[in-house]
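Observations on the three-dimensional arrangement
Residues per chain are reported as follows:
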Amino acid sequence: MLGISKRALKLKNIMTYLVGVLICLGLGIGSGLVSQHSFEWYHQLTQPALQPPEWIFAPIWTLLYILMGVVLGHLYLYPTSPIIWCLFSLQLLCNIIWSPLFFYANRINLALIDLFILFGCLITWLIIHRHQSMRLWLFIPYTLWTGFALYLNMSLYFLNSTQ
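Attention here is on the structure that accompanies the text. Just so you know, these numbers come straight off a predicted model, no measurement behind them.

So, how was this worked out
- Residues numbered from 1 in each chain as written.
- Predicted model: local features only at pLDDT ≥ 70, side-chain atom pairs only at ≥ 80, totals over all residues.
- Heavy atoms only, no water.
- Helix = DSSP H or I, 4+ residues; strand = E, 2+ residues; numbered from the N terminus.
- Buried < 20%, exposed > 50% of the residue type's maximum accessible area, 1.4 Å probe, protein only.
- Phe/Tyr/Trp six-rings, centres within 6.5 Å; stacked < 30°, edge-to-face > 60°.
- Expected span 1.5 Å × (residues − 1).

**Description of the overall build of the chain**
Secondary structure summary: the chain contains six helices and zero strands in total. Ordered by position in the sequence, the α and β elements of the chain form the string α-α-α-α-α-α. Each of the three principal axes of the chain carries a C-alpha extent, and together these read 70 × 30 × 25 Å. Within the chain, the fraction of its 163 residues that count as buried is 39%.

**Some details on the packing of aromatic side chains**
Given two aromatic rings, their pairing is described by the distance between the two centres and the angle made by the two planes. Applying the stated criterion across every chain yields a total of 16 aromatic pairs. When the ring of tryptophan 61 is compared with that of tyrosine 65, the centres are 5.5 Å apart and the planes differ by 35°; the resulting orientation is tilted. Residue tryptophan 61 and its partner tyrosine 65 are both found in helix α3 (residues 57-77); the two are separated by four residues, about one turn of the helix. On the numbers, 4.8 Å between centres and 25° between planes, the contact of tryptophan 125 with phenylalanine 139 is stacked. One end of the pair, tryptophan 125, is in helix α5 (residues 108-128); the other, phenylalanine 139, is in helix α6 (residues 133-159), and 14 residues separate them in sequence. The pair formed by tryptophan 125 and phenylalanine 139 is uniform in burial state, with each residue classed as buried. Through pairs of rings, three or more aromatic residues link up here, namely Trp61, Tyr65, Phe88, Trp125, Phe139 and Tyr142.

**Some thoughts on α3**
An ideal rise of 1.5 Å per residue puts 30 Å on 21 residues; α3 measures up with 30 Å between its terminal C-alpha atoms. For α3, the complete set of buried residues consists of Leu64, Tyr65, Leu67, Met68, Gly69, Val71, Leu72, Gly73, His74, Leu75 and Leu77.

**Some details on the side chain of serine 31**
In this structure, serine 31 sits in helix α1 (residues 2-35). By relative accessible area, which is 4% here, serine 31 ends up buried.

This is a description of form; function is not addressed.
What follows is the structure in C-alpha cells.
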C-alpha cells in the first residue's frame, strides 16, 4: 500500500512539473505567434556586431521556457512566500510582453525598458535563491541569455535611434 502511495506522489510531481513546462512553453509560443509577422521591419534595422543567426533563438528559448516551467512546478510543489511568486510572475510577464513590444509594436525603447526590468528580476531571483540550488541553477542560463538579449536590444536602440 505504501508503494502505491509513493508511486502516486511521484506521478503527481511529474505531472506538476509537466504542467509548469507546458504553461511556460505555451506562453512563450503565444508571445512569438503574436509577433511573427513583424520581421520585415526588424530586417531593415542596423544589426549589432554580435547578432547571432536567427535559427538559434527558437531552440534556446524553448530550452529556457522548459527550465522556467520546471521552476514553476517546483514553486507549486514546494510553497514559498508570496514575494517569490510575485517575482516569478513579474519576470514571466516581462518575458512574454517583450516580443510584442519589440516586433509587433516596433518599440525598441519600451522593449529595452522591459528587458531592464526582466534582468533586474532575474538578478534578484539569483540573489534570493543563492542557497536553493535547483531554483538558482535553472535560472542561470536564462539570466545569461537575458543579459545577452539586453546587449542586443540596447545595441539596436542606439544603432537605429535616428530611424
